[in-house]
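# Fold and contact review
What follows is each chain in one-letter form.
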Amino acid sequence: MPRASARILRIEIESSDGDEYSANLPVSLAAHLPKLIPPHGVRALEAAGLSIEALQLIIEADPPPAR
């Protein structure tokens, strides 16, 4: 039986430097993340050790829905 994929990517980042970013983005828009995440969101992701490219790879891997 095929596994249903998550429809919303929920991003909540708080870096040790105090950068914060949160968003709920449709998974179908993963290819457009560079345009959808504002500069302060990119900085918060990078400060937390993530990148937009890493988020796109995670989505492409079709993980099971989880926190």
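Keep in mind that what you see is a predicted model, and the values were worked out from it rather than measured.

Let us look at the overall build of the protein chain. Tallying secondary structure elements over the protein chain gives three helices and two strands in all. Reading the protein chain from its N end, one meets helices and strands in the order β-β-α-α-α. Across the protein chain, every contact between residues at least 6 apart in sequence was considered, and the portion connecting residues at least 24 apart equals 39%.

Glancing now at the side chain of Q56. Structurally, the position occupied by Q56 is in helix α3 (residues 52-60). A relative accessible area of 18% means that Q56 is categorised as buried. Excluding residues that lie within four positions of it along the chain, Q56 makes contacts with A30, A31, L33 and P34.

Criteria and thresholds
Residues numbered from 1 in each chain as written. Predicted model: local features only at pLDDT ≥ 70, side-chain atom pairs only at ≥ 80, totals over all residues. Heavy atoms only, no water. Helix = DSSP H or I, 4+ residues; strand = E, 2+ residues; numbered from the N terminus. Contact = heavy atoms within 4.5 Å. Buried < 20%, exposed > 50% of the residue type's maximum accessible area, 1.4 Å probe, protein only.

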